[in-house]
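# Fold and contact review
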There are 2 protein chains.
Amino acid sequence: MSATIKVLLADDQALVRGALAALLALEPDLEVVAEVGRGDEVVEAARASAADVCLLDIEMPGIDGIAAAAAVRDALPGVRTLVVTTFGRPGYLRRALEAGASGFVVKDTPARQLAEAVRRVHAGLRVVDPSLATESLVDGANPLTEREREVLAVALRGGTVAAVAGVVHLSPGTVRNHLSSAIGKTGTSTRAEAARVAQERGWL
Amino acid sequence: MSATIKVLLADDQALVRGALAALLALEPDLEVVAEVGRGDEVVEAARASAADVCLLDIEMPGIDGIAAAAAVRDALPGVRTLVVTTFGRPGYLRRALEAGASGFVVKDTPARQLAEAVRRVHAGLRVVDPSLATESLVDGANPLTEREREVLAVALRGGTVAAVAGVVHLSPGTVRNHLSSAIGKTGTSTRAEAARVAQERGWL
DNA sequence: CGGTGATCGTGACACCTGTCACGGGCAGGA
DNA sequence: TCCTGCCCGTGACAGGTGTCACGATCACCG
């Protein structure tokens, strides 16, 4: 075991990545051993640098931070992951924990708490934003089915039913049925509203 | 004149704010004298701390970073502003410069260049992301009219024509005409697409 | 002064959407 | 086995949407 906790940083914004590195470098017991800007480079870099904890942003090219957490869990079981994200969407928290993440921190949290969160995760504890944890329970699970999510995700870009049907290889009528169901489940009245609400809740 | 450059940080995400502070603290000639999380606190904090340069994020509660830059220009003419944002939308660059910002940096830029950008801005130079500058020229100005922007901004939330008409206090028919015009100008075929494209280009 | 363009409104038309009812197929649990 | 739930599709209907033509007012500019 090394004396310091080795940290891997994954964030697509170089400026934020560098800034977080500077922040963690202030802590004598932490050491940033790797930085990546894509989700699909996390496992490789974590292995090469023998990282103890991976700090993962969700919004990243390649694969997102949640999928990266799952990949780390499968490939490097001893490595802990801590998801750090901009959006405190309840669905994100649930999916992150299901992907094996040990912690979930929103970017609104004070800077000084980040190092402490890394230490707790490294010690085997779970770190979860308390305000989000309750919200996640209140909000409940994702009521959308697999196809509804898929159709709604494409509809988010704004095309017509025919365009969506072409992308997902379905009949236009089926697409409308899925959209109608999703509209009902989100309590909205148009697909654009439904897509927006679903995204805000982390259902996509 | 002080020996160090006094910097004000404005970003709604506390973690990013603190991280940027740590990053700039590494530079001996820079000093972070104030941190705020809202756009409408910038002028007050800049005055109180006698800041030389204001680092402004665009996405902020209260007023956004561009409006904050304009407020600083009007209230504190000697203070330079540097806009730092997540999205490299050409329209943002143009509007930021019109608001009197001395610099425009995307969060994708390497961390080490930030301090240099602050120094250049403090020296009275303009700092503009080069890749964005050319894109801004190619893209041209915002073709949308004032009312088209307003209607499109409301339509972005996804409601029906009637709902939009109620918000902007217009006739439903007029709203449809404005939307139709905006759809034509964005080269799209639905209002949702038009709103998405307009936002991506910084036209809203 | 006339011309131009943004703004606001109406009316009409073809088309798209959201909803519902109704099939059938397929997996998993009582 | 039946039942339930998800999936996929069709058809029909009312209502919303996008487009166009046509007026009208107002501000600005040559």
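For the structure itself, consult the block above.
So, here is what we can say about the structure in this document.

What counts and how
Residues numbered from 1 in each chain as written. Chains lettered and ligands numbered in written order. Predicted model: local features only at pLDDT ≥ 70, side-chain atom pairs only at ≥ 80, totals over all residues. Heavy atoms only, no water. Contact = heavy atoms within 4.5 Å. Buried area = accessible area lost by both parts, 1.4 Å probe. Salt bridge = Lys/Arg side-chain N within 4 Å of Asp/Glu carboxyl O. Polar contact = N/O pair within 3.5 Å; in protein donor to acceptor, adjacent residues only side chain to side chain. Helix = DSSP H or I, 4+ residues; strand = E, 2+ residues; numbered from the N terminus. Least-squares fit on C-alpha atoms with pLDDT ≥ 70 in both. Buried < 20%, exposed > 50% of the residue type's maximum accessible area, 1.4 Å probe, protein only. Phe/Tyr/Trp six-rings, centres within 6.5 Å; stacked < 30°, edge-to-face > 60°. Lys NZ or Arg CZ within 6 Å of the ring centre and 35° of its normal. Near = heavy atom within 4 Å. Nonpolar A, V, L, I, M, F, W, Y, C, P; charged D, E, K, R; others polar. Axes fitted to C-alpha atoms, helices over the stretch in contact; angles between N-to-C directions. Parallel < 35°, antiparallel > 145°, perpendicular 65-115°, else oblique. Left-handed = near helix turned anticlockwise from the far one by under 90°. Pairing = 2+ DSSP bridges.

### A look at the interface of chain A and chain B
Across the boundary between the two partners, chain A contributes 29 residues, which contact 29 residues of chain B. In total, about 2,200 Å² of surface goes out of reach between chain A and chain B, with carbon and sulfur atoms giving 69% of it. Summed over the shared surface of chain A and chain B, the number is 0 salt bridges. At the surface where chain A touches chain B, the tally comes to 10 residue pairs in polar contact (both at pLDDT 80 or more). Of all the secondary structure elements, the ones that give two or more residues to the side of chain A that touches chain B are α1 (14-25) and α10 (191-200) of chain A. Of all the elements, α1 of chain A adds the most residues to the side of chain A that touches chain B, at 8 residues.

### A few points about the relation of the copies chain A and chain B
Expressed as a screw operation, the relation of chain A to chain B combines 0.1 Å of axial shift with a rotation of 180 degrees, fitting to an RMSD of 0.1 Å. The transformation relating the two chain copies, once decomposed into turn and shift, fits a two-fold axis. Residue alanine 19 of chain A, judged by its C-alpha, is the member of chain A lying nearest the rotation axis, at 2.3 Å.

### A look at unusual backbone geometry
All names here are of chain B. Even without being a glycine, alanine 50 presents a positive backbone phi close to 55 degrees. For alanine 50, the position within the fold is in the loop between α2 (42-49) and β3 (53-57). At histidine 169, a residue that is not glycine, the phi angle is positive and equals roughly 60 degrees. In this structure, histidine 169 sits in the loop between α8 (161-168) and α9 (172-186). What makes histidine 169 exposed here is its relative accessible area of 69%.

### A look at the packing of aromatic side chains
If you walk through the whole model with that rule in mind, you get 0 aromatic pairs over all chains. A cation sits over an aromatic face here: arginine 89 of chain A above phenylalanine 87 of chain A, 4.3 Å from the ring centre.

### What about the protein's contact with DNA strand D?
Neighbouring DNA strand D are 18 residues, the closest being Thr145, Arg147 and Ser171 of chain A together with Arg176 and Arg191 of chain B. The sugar-phosphate backbone supplies 64% of the atoms of DNA strand D found within 4 Å of the protein. At 3.0 Å from a base oxygen of DNA strand D is found a side-chain nitrogen or oxygen belonging to asparagine 177 of chain A. Contact between DNA strand D and serine 180 of chain B: a phosphate oxygen at 2.9 Å from a side-chain N or O atom of the residue. Elements with a contribution of two residues or more to the surface near DNA strand D: α7 (146-155) and α9 (172-186) of chain A together with α9 of chain B. By residue number, the principal contributor to the surface near DNA strand D is α9 of chain A, which donates 5 residues. Classifying every residue of the surface near DNA strand D by side-chain character gives 3 nonpolar, 10 polar and 5 charged.

### A look at the packing of α9 of chain A against α10 of chain A
All names here are of chain A. Following both chains from N to C, one finds α9 and α10 inclined at 60 degrees, their axes separated by 9 Å at the closest point. Overall, the two elements α9 and α10 adopt an arrangement that is oblique. Classified by chirality, the crossing of α10 by α9 is left-handed. Across the interface between the two elements, Leu179, Ala182, Ile183 and Thr186 of α9 pack against Arg191, Ala194 and Val197 of α10. A breakdown of the residues in the contact of α9 with α10 according to their chemical character gives 5 nonpolar, 1 polar and 1 charged.

### A closer look at the sheet that holds strand β2 (residues 30-36) of chain B
Residue and element names in this part refer to chain B. Strands sit in the order β2-β1-β3-β4-β5-β6 across an open sheet of 6 strands; the sheet is parallel. Whereas interior strands pair on both sides, the edge strands pair on one side only; in this sheet they are β2 and β6 (127-128). Sheet topology places β3 next to strand β4 (residues 80-85); 5 bridges connect them, and they run parallel. For cysteine 54, the partnering residue across the bridge sits in β4 and is threonine 81.

### With respect to the pattern of salt bridges
All names here are of chain A. This structure, assessed with the given rule, holds 26 salt bridges over all chains. Note that arginine 94 and glutamate 98 form a salt bridge whose closest N and O atoms lie 2.8 Å from each other. Here the residue arginine 94 and the residue glutamate 98 both occupy positions in helix α4 (residues 90-98), the gap between them amounting to 4 residues, near one helical turn. Between lysine 185 and glutamate 148 there is a salt bridge, with the nearest N and O atoms lying 3.0 Å from each other. Note that lysine 185 is positioned in helix α9 and glutamate 148 in helix α7, a separation of 37 residues in sequence. What makes lysine 185 partly exposed here is its relative accessible area of 33%. Look at glutamate 148 and you get buried, because its relative accessible area is 6%.

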